[in-house]
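Here is how the chains run, residue by residue.
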Amino acid sequence: YELDCAMGGGLPTGRVSVVYGPEGSLKTTVCLKWIAAAQKIYPDKTAVFVDVEGHYDEEWARKMGVDTEKMGYILPNDAEHCIDTVNELLYADDLSIIIVDSLAAMTTQGELTQSAENVPMGKTGLAIGKFYRKVGVALGQAKMKGAYPTLVCINQTRFKMVQMGNPEVMPGGQAFKFGSSFTMRISGKDEVDKAVHANMPAYKHMEFITKKWKVGILQRTRSVDMAFRSKPSANIK
């Protein structure tokens, strides 16, 4: 409920959104919940999960409420394949939402074919910049046809070596962050509840900052607890 209120009406349709944060901060989990919501709101349209990282967990997606039988799943070969596939999907008339997980995992063909000693510098950032420009045109063309698909890109955080200023950066440059209509930064911390389990985390305390352009309230900061385990029944020993 706190997340819904902070988002101020949900994800913007027909536009780009970005979710980013450190590892284990529930970025993918939140996006799977959005797919589940899209399947309920638009039952006649298709939601697509683009698994760039190759870490998609079908069982976890079902626990998040996703109908995996009706969800499109794509495992791209490289960054170019991902960009071209997403770009083509955005021209479809029966698309509700696309989740790209994640921009940080994109690997260009040049990086795959060359030795690790000859990794081209900046190629991934250039590819992601081209990705943003292409999907911008595709979303504009979709609006002219009366279709408003939502594109959500997950990204990670890195740190640069600086003595002053914010050291936090995102892989692939800032194109999607600056060009998005909605951004959310998530951070999470595992919490142990002795009544649930002595050692394993029972829930994660998630803090998030949402920014939504061209609305009355630009930024909201909230926190919420997302449970992983339920308390054991008194009849179970």
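Look above for the structure.
Residues numbered from 1 in each chain as written. Predicted model: local features only at pLDDT ≥ 70, side-chain atom pairs only at ≥ 80, totals over all residues. Heavy atoms only, no water.

Details of the nonpolar core
With 28 residues, the main nonpolar core has Trp-34, Ile-35, Ile-97, Ile-99, Val-152 and Met-184 as its most contacted residues. Among the elements of the structure, helix H1 (2-7), helix H2 (27-41), strand E2 (46-51), strand E4 (95-101), strand E5 (150-156), strand E8 (182-191) and strand E9 (203-212) are those that each provide at least two residues to this core. Excluding its chain neighbours within four sequence positions, the residues that come into contact with Val-152 are Leu-11, Ser-17, Val-19, Cys-31, Trp-34, Ile-97, Ile-98, Ile-99 and Val-100. Counting residues in each nonpolar core, the second largest holds 27 residues, with Val-18, Val-86, Val-100 and Leu-139 among its members. (Core = buried A, V, L, I, M, F, W, Y, C linked by side-chain atoms within 4.5 Å. Buried < 20%, exposed > 50% of the residue type's maximum accessible area, 1.4 Å probe, protein only. Helix = DSSP H or I, 4+ residues; strand = E, 2+ residues; numbered from the N terminus. Contact = heavy atoms within 4.5 Å.)

Examining the sheet that holds E5
Across the sheet, which stays open at both edges, the eight strands sit in the order E3-E2-E4-E5-E1-E8-E9-E10 with mixed pairing between neighbours. Whereas interior strands pair on both sides, the edge strands pair on one side only; in this sheet they are strand E3 (72-74) and strand E10 (219-227). The average angle at which neighbouring strand axes cross in this sheet is 20°, direction not considered. Pairing of strand E1 (residues 16-21) with E5 involves six bridges; the strand directions are parallel. (Pairing = 2+ DSSP bridges. Axes fitted to C-alpha atoms, helices over the stretch in contact; angles between N-to-C directions.)

Quick notes on the side chain of Ser-180
Looking at where Ser-180 falls in the secondary structure, it is placed in the loop between helix H7 (175-179) and E8. Setting aside chain neighbours within four positions, we find Ser-180 in contact with Val-16, Ser-17, Val-18 and Trp-213.

A closer look at the pattern of salt bridges
Any two side chains of opposite charge can pair, on the condition that their charged atoms come close. If you walk through the whole model with that rule in mind, you get six salt bridges. Close ionic contact of Lys-145 with Asp-93 constitutes a salt bridge, the shortest N to O distance being 3.3 Å. Taken as a pair, Lys-145 in the loop between helix H6 (123-144) and E5 and Asp-93 in the loop between helix H4 (79-89) and E4 lie far apart in primary sequence, 52 residues in all. Residue classification places Lys-145 among the partly exposed positions, given a relative accessible area of 47%. When the shortest N-O distance is used, the salt bridge between Glu-168 and Arg-185 registers 2.6 Å. Of this pair, Glu-168 sits in strand E7 (residues 168-169) while Arg-185 sits in strand E8, and the two are 17 residues apart along the sequence. (Salt bridge = Lys/Arg side-chain N within 4 Å of Asp/Glu carboxyl O.)

Examining the environment of Pro-120
Along the chain, Pro-120 turns up in the loop between helix H5 (109-113) and H6. Sequence spacing of Pro-120 and Thr-108 is twelve residues, and the spatial spacing of their C-alpha atoms is 9.5 Å. The contacts of Pro-120, once residues within four sequence positions are left out, are Glu-111 and Gln-114.

A few points about the packing of H4 against H6
Direction vectors running N to C along H4 and H6 enclose 10°, while the axes themselves pass 9 Å from each other. The angle between H4 and H6 falls in the class roughly parallel. Note on element contacts: H6 touches H4 through Ala-127, Phe-131, Lys-134, Val-135 and Ala-138, opposite Ile-83, Asp-84, Val-86 and Asn-87. In terms of residue class, the contact of H4 with H6 is built from six nonpolar, one polar and two charged. (Parallel < 35°, antiparallel > 145°, perpendicular 65-115°, else oblique. Nonpolar A, V, L, I, M, F, W, Y, C, P; charged D, E, K, R; others polar.)

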